[in-house]
Amino acid sequence: MTDRRATAERRRTVPAAPPFAKGGAPLLGHAWNLVRDPLGFLSGLRASGDLVRIRLGPRQAYAVCDPALVATLLKSPDFAVGGPLWDTMELLIGKGVATSNGRVHRRQRRMIQPAFRIDRIAEHARVMEEEARAMAGRWRPGATVDLGEEVFRVAVRIVARSLMHVDSIDERAERLSGSLHTVFGGLYRRMVLSAGPFYRIPLPAHRRFEDALADLHRLVDEIIAERRESAMDREDLLTALLAAKDENGEALTEQEVHDQTVSLLVAGAENVASTLMWTFQLLAEHPAEESRIRTEVREVTEGRPVDFGDLPRLSHTRNVITEAMRVRPAVWILTRRAVADSTLGGYRIPAGADIVYSPYAMQRDPRAFVRHLEFDPDRWLPERTPEAGRRAMMPFGTGNRKCPGDHFSMAEMAIVLATIAPRWRFVALRETDAEPRIGITLQPRRLKVRAVPLSGS
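Notes on the structure follow. No experiment lies behind these values; they were computed from the predicted model shown.

This brings us to the overall build of the protein. Across its full length, the protein holds 17 helices and 12 strands. Taken against the 2.2 N^0.38 rule, which gives 23 Å for 457 residues, the C-alpha radius of gyration of the protein at 23 Å falls within 12% of a compact globule. Viewed in the frame of its principal axes, the protein has a C-alpha envelope of about 90 × 55 × 45 Å. When each of the 457 residues of the protein is scored for burial, the buried share is 54%. For the protein, the proportion of contacts with a sequence separation of at least 24, taken over those separated by at least 6, is 71%. Total accessible area on the protein stands at roughly 20,700 Å², and carbon and sulfur atoms take up 53% of it. Taking the average location of the 67 positive side-chain charges in the protein and that of its 59 negative ones, the two points are 6 Å from each other.

Following this line, the structure appears as structure tokens:
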């Protein structure tokens, strides 16, 4: 009798496993939902609970749906960067600051953070404005513009010039753009279908992926080698990486410099480009907001090129970008892995478990935002933003995993937008398809617009 009571007591004190999410198919479980409609599936998970289990074929994962629990997850040492997304991303960026954990991550972050000082970002603002102005100067009145391609190219050029002060920028930026575009398309397929032997079959798509990945890494190595040989002290992020020392006076290894460079290049190209694509697409649908940006920029700059010092006064421009990141976040799904048996939200999480959370679902949750599906930049006015909304908004992460380049990215997007808006407005064409294309990041499937010049531009 005593043993029976002791067993019952242990059962009461050991946390329970979280409930399973509703739905799912035989054998496949919820994997079918993730393939068929991942955004809808993730957005609906909170109806099953703040923390739920999902079945992915024979495996199971844990989905965190509550913003407060996500913040706990991201700050807890019991959960490390890992899981299907990051396992796949290591193919591209190696063990950079985005994918490393523990002591290695802390060391790398301390060493690269000076590269993103505000004074350094201010110096790169000229490059951001130059590239945005050059892009706008290529368009012709009434011409059809593929804004997706244009924005991706300019994001690559900005990060290449700012990060690596690349010589022969035109030829190398095109190589970088082409390689990154091919690699990102292949990475998502490898995340959802992690069948290693399948990708060794010499199919044309597999060869294109491998060739593009190899060319990307080869190009980065060429640029780093040229910088070391030149011994030039340029005011860019690569110089900062090469000069960085840890608390013991040790520099980054050759592989660490390579991986950090690729990590920053990828984030600065793909994530920034995706956000700008959505921003321009949303402004084409909301011309009144576009007109407000135009008025604000003209009042602040009085017709001169926008510069870094203007950004604090471009409040509506920043709010438009923030709202675009909320409604259409570039990063829509992220994963973590439990490093030990632990608890989260009062539930038991076993060591080795994969944990999933979705910025897309959190940032469009009606519990956090009134009229949650509407594009409303004014919701970010200080007097209007509820605390629940601030907690749910994590476009750059939080805690010690917050993106070190967040201020650089925001400055870049604001300067590009403030440079284009006074010169052109865009009219969406029938060829535009604003449905999200599911990949490692979210982007419009096609973003074709007619470019209309503005008087005085």
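A cluster of nonpolar side chains, Leu27, Leu28, Trp32 and Val35, forms an exposed patch at the surface whose accessible area comes to about 480 Å². Position of tryptophan 32 relative to the elements: it lies in helix 2 (residues 31-36).

A few words now on the pairing of strand 11 (residues 442-446). One ladder, built from 4 bridges, connects strand 10 (residues 433-438) with strand 11; its direction is antiparallel. In the strand pairing of strand 11, isoleucine 438 is matched with leucine 442. Between strand 10 and strand 11, which pair antiparallel in sequence order, lie 3 residues.

Moving on, we get to the packing of aromatic side chains. Two descriptors summarise a pair of aromatic rings, namely the distance from one centre to the other and the angle between the planes of the rings. Per the counting criterion, the structure on display carries 5 aromatic pairs. When the centroid spacing of 5.5 Å and the interplanar angle of 75 degrees are considered together, the rings of tryptophan 139 and phenylalanine 426 count as edge-to-face. With tryptophan 139 in the loop between helix 7 (118-138) and strand 4 (144-146) and phenylalanine 426 in strand 9 (residues 424-428), this residue pair connects regions lying 287 residues apart in the sequence. With a relative accessible area of 3%, phenylalanine 426 lands in the buried category. Connected via pairs of aromatic rings, a cluster forms that spans Trp139, Phe280, Trp424 and Phe426. The ring of phenylalanine 369 carries arginine 326 above its face, with NZ or CZ at 4.8 Å from the centroid. Directly above the ring of tryptophan 278 sits arginine 328, whose terminal nitrogen or CZ lies 4.9 Å from the centroid.

Evaluated as defined, the whole model comprises 28 salt bridges. The residue glutamate 129 makes a salt bridge to arginine 133 at a minimum N-O spacing of 2.7 Å. Of this pair, glutamate 129 and arginine 133 both sit in helix 7, separated by 4 residues, roughly a single helical turn. Given the relative accessible area of 6%, glutamate 129 is considered buried. Classification of arginine 133 by relative accessible area gives partly exposed; the value is 36%. Each of the salt bridges in this network shares a partner with another, and the network as a whole consists of Arg126, Glu130, Glu131, Arg157 and Arg161.

Turning our attention to helix 5 (residues 84-93). Counting along an α-helix, one turn takes 3.6 residues, and residues three or four places apart therefore face a common direction. Three or more residues of helix 5 are buried, namely Leu85, Trp86, Thr88, Met89, Leu92 and Ile93. End-on view of helix 5: buried residues confined to an arc of 160 degrees, all on one side of the axis. Once helix 5 finishes, glycine 94 follows within two positions and takes phi at roughly 65 degrees, a positive value.

Time to look at the packing of helix 7 against helix 8 (residues 147-164). Packing of helix 7 against helix 8 leaves a shortest axis separation of 9 Å and a crossing angle of 150 degrees. By the angle between their axes, helix 7 is roughly antiparallel relative to helix 8. For the pair helix 7 and helix 8, the crossing hand works out as right-handed. Where helix 7 abuts helix 8, its residues His124, Arg126, Val127, Met128, Glu130, Glu131, Ala132, Met135 and Arg138 lie against Glu150, Val151, Val154, Arg157, Ile158, Arg161 and Ser162.

A separate point is the packing of helix 12 (residues 254-285) against helix 14 (residues 315-327). Axis separation between helix 12 and helix 14 bottoms out at 9 Å; the angle between their running directions is 105 degrees. On the basis of the axis angle, helix 12 is roughly perpendicular to helix 14. The residues of helix 14 that touch helix 12, namely those facing Thr275, Thr279, Leu282 and Leu283, are Val320, Ile321, Ala324 and Met325. Tallied by class, residues from the contact of helix 12 with helix 14 come to 6 nonpolar, 2 polar and no charged.

With 21 residues, helix 7 extends 31 Å between its outermost C-alpha atoms, agreeing within 8% with the 30 Å of an ideal straight helix rising 1.5 Å per residue. Along its length, helix 7 reaches its greatest deviation from straightness, about 30 degrees, at histidine 124. Each element contacted by the buried residues of helix 7 is listed here: helix 8, helix 11 (237-243), helix 17 (406-420) and strand 9.

Parameters at a glance
- Residues numbered from 1 in each chain as written.
- Predicted model: local features only at pLDDT ≥ 70, side-chain atom pairs only at ≥ 80, totals over all residues.
- Heavy atoms only, no water.
- Helix = DSSP H or I, 4+ residues; strand = E, 2+ residues; numbered from the N terminus.
- Rg over C-alpha atoms; globule rule 2.2 N^0.38 Å.
- Buried < 20%, exposed > 50% of the residue type's maximum accessible area, 1.4 Å probe, protein only.
- Contact = heavy atoms within 4.5 Å.
- Areas by Shrake-Rupley, 256 points an atom, 1.4 Å probe, with all protein chains shown as cover.
- Lys, Arg positive; Asp, Glu negative; His and termini not counted.
- Charge placed at Lys NZ, Arg CZ, Asp CG, Glu CD.
- Patch = residues over 30% accessible without salt bridge, like charges linked within 9 Å, V, L, I, M, F, W, Y side chains within 5 Å.
- Salt bridge = Lys/Arg side-chain N within 4 Å of Asp/Glu carboxyl O.
- Pairing = 2+ DSSP bridges.
- Phe/Tyr/Trp six-rings, centres within 6.5 Å; stacked < 30°, edge-to-face > 60°.
- Lys NZ or Arg CZ within 6 Å of the ring centre and 35° of its normal.
- Arc of directions from axis to C-beta.
- Axes fitted to C-alpha atoms, helices over the stretch in contact; angles between N-to-C directions.
- Parallel < 35°, antiparallel > 145°, perpendicular 65-115°, else oblique.
- Left-handed = near helix turned anticlockwise from the far one by under 90°.
- Nonpolar A, V, L, I, M, F, W, Y, C, P; charged D, E, K, R; others polar.
- Expected span 1.5 Å × (residues − 1).
- Bend = angle between axes of the 7 residues up to and from the residue.

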